[in-house]
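Structural description and commentary
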Amino acid sequence: MRTVKLINDGLWHCLCPTFSNSALGAPVYFAQPRVTAIRKCFSSRRCASNNTQHVRNFSGGVQPTQEHVNLQHASSIQNLSSQSDQSVLLDPWDLNDGSSSLTPSSRDASAKPRLPQARQNLVIEIESTPFLYDKLRVAASYGRVQEVERIVQYLVKERREEPNLRLYSALILENVHYEDGAAWRVTNLLEEMKQKGLRLDGGICHNVLKVLSVHVDYLLRNDILDHMRHRWFQLTEDGHHDVAAGLFREGQFELALDRLGQMRKENVPVRPWLYDIAVYMLSEAGEIDEALRLMKLRQSLGESNISKNVWYFLLDAASSAFHYPATIHVWRAQVIPSYINPPSGMCLNVLTTASRVGDAQLATDVFRILGNRSTIFAASHYDMLLTTYLAADPPDLHAALSVLSIMTTAKLEPNTASTRPLILYLRENPALTEQAFQVLNQLHASGRQVPTAALNVVIEAFAHQRNLNQALMVYKMFHTFAPSSHKGSYATIETFNLLLRGCSRTTPAAHGTALFLASELLALRVQPDAMTYDRLILTSCMSDHLEHGYKYFDEMVQLKWAPRAGTVSALAIALAEKHDPKCWDVLQLMNDRAPGAWEGRGERVRKDVDRAWSRA
């Protein structure tokens, strides 16, 4: 075979810039013509930056197996063939811009830098037309828009290629780009093909479907599918995926899920990325049940490498929607084996979900994960844990009360909001109130600190049952629960207000007990509040001790407090029934002190007082 000696000139360095100068110390011979060597040089760059398998499609071009590509805007062949030298496309023979390099697409961002413009134009010149068509197809599939436009222009202007299906196929496929592509450009290209008498083949139909999987157009998709049915074109595996992806993007979930079912019936392998899109779209739309069903289906089919991002997204959507079945499934499948580690915000949503259904094990797992991160727990964390124990089946009253003790140990004093679930539970189960007090005694005996809020829960439960004696018994034992370091009264103003409420709920009202509690809180130097005076007034009215009631009302006014509207109404009507003119003073003072709160109801109270006065 004839050998060719390497000529080390400027053209060789222009076409093969990677050639090492160190190899020039001795003659170098090649057993093939220079044109073939140049083609190899360019081909090696192409293969190095595009290490991807390819498959053939209908139209005979090379189609990448990668499903979604990013391409730039499309331009019609009619414009390409008639444009002047001032066209927006790059002129392949314009060497003035030879120093600029092609801008890689988003999918080719990691590829090596390409050849400068002038060098690429020289490579295009020496390639054969069939090779350029294959290169055009590959470039369009991978989003190299400038390269596609340059090759199309070169084929039309320099190689005198007539408009044909392969050129239109590349221009249509360009519109897959998620920003610069558009379905209406595809429609214009299809109309132009119709005017030129070019009929759609299977390859172009699949290219249109690929574009419509990104830029949705339901009518155009239906037209293409109808055309394929009339021409007996069969959907390829890629075509099935593109149709399903487009339906998911449109939000037509029922049709998209039916398409997935049809693909499985026809033994068309469903690729993981399509399942991922389905889970993403369904979860974002709030269709958590369907997303969970797809994830279970994938696991049942033996798919073990499901993306962790999909698991994260499903757990986030499910826990945000408090969807327990999906939350517990992802938690058991991914979090417990430590495959994923959800952030603290997501853990709080999971904790809320567990509290709603009473899954104590799930709530405990969340606390374990947060504790391993040295998370500083807030009162809201413990509140949800307490709610979880009470919502469990069966409810765990001991564990719920223990949470209040743990909060105190963690320097978080429980408040009324923290104990509200316990109050509601004991109201629904009054027989367990005595058991709750026994649990508190057991916690104290074991060395645990019992907060005042926990004892107030028991007092409020007894007061609600009109069992004032039991409530007073619990109050008298308050000092036994106080820690040795505590100074002053362990009972708070909330404790006395609850006891006064119990006094007003007995029949008759326990006025004597109310006076005892009033003197008790003063002796213990517990500062009364507006609710204390309000309930003293109400107890005095219900026990027919109006002098005390009016006295408490007068003190309250001097402190610039206002009783509740119901308490004022009870006091004024009771005074009117005794024909005591101070009833008018009560109404006038309320009208002066709180005109906004008294407006509307004041007229009704005045009418009730007038009727009581007339009956007296």
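Structure: above.
Presented here is a report on the structure given in the accompanying data block. Note that this is a predicted model, so its numbers are computed, not measured.

Some points on the overall build of the protein chain
- Of regular secondary structure, the protein chain possesses 33 helices and four strands.
- Going through the 616 residues of the protein chain one by one, you find that 48% of them count as buried.
- Within the protein chain, residue pairs in contact and separated by at least 24 positions form 68% of the contacts whose partners lie at least 6 positions apart.
- Working note: accessible area of the protein chain is about 30,000 Å², and carbon and sulfur atoms make up 52% of it.

Concerning the packing of helix α12 (residues 253-265) against helix α13 (residues 272-284)
- The contact between α12 and α13 brings their axes to 12 Å, and the two run at 155°. On the basis of the axis angle, α12 is roughly antiparallel to α13. Taken as a pair, α12 and α13 cross one another with a handedness that is left-handed. Where α12 approaches α13, its residues Phe 253, Leu 257, Leu 260, Met 263 and Arg 264 are matched on the opposing element by Leu 274, Tyr 275, Met 281 and Leu 282.
- A class-by-class count of the residues in the contact of α12 with α13 yields eight nonpolar, no polar and one charged.

Quick word on helix α10 (residues 218-230)
- The terminal C-alpha atoms of α10, which comprises 13 residues, lie 18 Å apart, in line with the 18 Å expected from a rise of 1.5 Å per residue.
- Of all the residues in α10, the buried ones are Leu 220, Arg 221, Ile 224, Leu 225 and Met 228. End-on view of α10: buried residues confined to an arc of 135°, all on one side of the axis. Among the exposed residues of α10, those pointing more than 90 degrees away from its buried face are Leu 219, Arg 229 and His 230.
- Buried positions along α10 lie against α8 (183-195), α9 (202-212), α11 (237-250) and α12.
- Positive backbone phi, at 60°, marks Trp 232, one or two positions downstream of α10.

Focus on the side chain of Asn 456
- With respect to the helices and strands, the residue Asn 456 is situated in helix α23 (residues 452-464).
- When near neighbours in sequence (up to four residues on either side) are disregarded, Asn 456 contacts Phe 478, Thr 492, Glu 494, Thr 495 and Leu 498.

A short note on α8
- When the terminal C-alpha atoms of α8 are compared, their 19 Å separation across 13 residues agrees well with the 18 Å that a helix rising 1.5 Å per residue should span.
- Among the residues of α8, those classed as buried are Ala 183, Val 186, Leu 189, Leu 190, Glu 192 and Met 193.
- Directly after α8, the chain includes Gly 197, whose backbone phi takes a positive value near 80°.

Topic: the environment of Pro 272
- Residue position: Pro 272 is located in helix α13.
- Remark: the alpha-carbon pair of Pro 272 and Ile 306, spanning 34 residues in sequence, is separated by 7.5 Å.
- Excluding residues that lie within four positions of it along the chain, Pro 272 makes contacts with Arg 298 and Glu 303.

Focus: a nonpolar patch on the surface
- Where nonpolar side chains cluster on the molecular surface, the patch consists of Tyr 218, Leu 219 and Leu 255 and spans about 300 Å² of accessible area.
- Inspection of the secondary structure assignment puts Leu 219 in helix α10.

Some thoughts on the packing of helix α26 (residues 493-505) against helix α27 (residues 511-523)
- Put simply, α26 and α27 touch, their axes get as near as 9 Å, and they point 170° apart. Relative to α27, α26 is oriented roughly antiparallel. In this structure, α26 crosses over α27, and the sense of that crossing is left-handed. Here Phe 496, Leu 499, Leu 500 and Cys 503 of α26 lie close against α27, whose contacting residues are Thr 513, Ala 514, Leu 517, Glu 520 and Leu 521.
- For the contact of α26 with α27, the per-class residue count stands at seven nonpolar, one polar and one charged.

Thoughts on the packing of aromatic side chains
- With the rule as written, the count across this model stands at 13 aromatic pairs.
- Both rings, one in Phe 248 and one in Phe 253, keep their centres 6.4 Å apart while their planes meet at 40°; by these two values the pair is tilted.
- On the accessibility criterion, Phe 253 (16% relative accessible area) is buried.
- With a centroid separation of 6.0 Å and 65° between ring planes, the pair formed by Phe 377 and Tyr 382 is classed as edge-to-face.
- Take Tyr 382: its relative accessible area is 8%, and that puts it in the buried class.
- An aromatic cluster of at least three residues, connected via ring pairs, comprises Tyr 475, Phe 478, Tyr 490 and Phe 496.
- The cationic tip of Arg 356 hangs over the ring face of Phe 322; the distance from NZ or CZ to the ring centre is 4.0 Å.

Observations concerning unusual backbone geometry
- Cis peptide bonds are those with omega within 30 degrees of zero, and the linkage from Asp 393 to Pro 394 qualifies with 0°.
- The phi angle at Ser 338 is positive, at roughly 65°, despite the residue not being glycine.
- The exposure class of Ser 338 is exposed, given its relative accessible area of 60%.
- The residue Ser 374 is not glycine, and still its phi comes out positive at about 60°.
- Position of Ser 374 relative to the elements: it lies in the loop between α18 (360-372) and α19 (379-391).
- Using a relative accessible area of 62% as the deciding quantity, one classes Ser 374 as exposed.

Cut-off values and rules
- Along every chain, residues carry numbers that run from 1 in the direction the sequence is written.
- With pLDDT at 70 or above as the cut-off, local features in this predicted model cover only qualifying residues; side-chain atom pairs require 80 or more to be listed or tallied, and sums for whole chains, interfaces and linings still use all residues.
- Computation of side-chain values: all heavy atoms of the structure, hydrogens and water removed.
- Numbering of helices and strands runs from the N terminus, with a helix taken as a DSSP run of H or I at least four residues long and a strand as a DSSP run of E at least two residues long.
- Under the scheme applied here, a residue whose accessible area is under 20% of the maximum for its type counts as buried, over 50% as exposed, and between as partly exposed, the area being computed with a 1.4 Å probe on protein chains only.
- Here a residue-residue contact requires only that any non-hydrogen atoms of the pair lie within 4.5 Å.
- In short, Shrake-Rupley with a 1.4 Å probe defines the accessible areas, and a residue's cover is counted only from the protein chains shown.
- Note on geometry: axes are C-alpha line fits, over the in-contact stretch for helices, and angles between N-to-C directions span 0 to 180 degrees.
- Our angle categories are set so that under 35 degrees counts as roughly parallel, over 145 as roughly antiparallel, 65 to 115 as roughly perpendicular, and the remainder as oblique.
- Less than a right angle of anticlockwise turn of the near helix away from the far helix marks a crossing as left-handed, whereas a clockwise turn marks it as right-handed.
- Amino acids are sorted into nonpolar (Ala, Val, Leu, Ile, Met, Phe, Trp, Tyr, Cys and Pro), charged (Asp, Glu, Lys and Arg) and polar (every other residue, Gly among them).
- Helix span is expected to be 1.5 Å times the residue number reduced by one.
- The reported arc concerns the directions from the helix axis to the C-beta atoms and nothing else.
- Excluding any residue in a salt bridge, patches collect residues exceeding 30% relative accessible area, merging like charges within 9 Å and nonpolar Val, Leu, Ile, Met, Phe, Trp and Tyr side chains within 5 Å.
- One side-chain nitrogen of Lys or Arg within 4 Å of one carboxyl oxygen of Asp or Glu is enough to make a salt bridge.
- When two rings of Phe, Tyr or Trp (its six-membered ring) have centres within 6.5 Å they constitute a pair, described as stacked for plane angles under 30 degrees, edge-to-face for angles over 60, and tilted for the intermediate range.
- Only when the NZ atom of a Lys or the CZ atom of an Arg is both within 6 Å of the ring centre and within 35 degrees of the ring normal do we say a charge sits over the ring.

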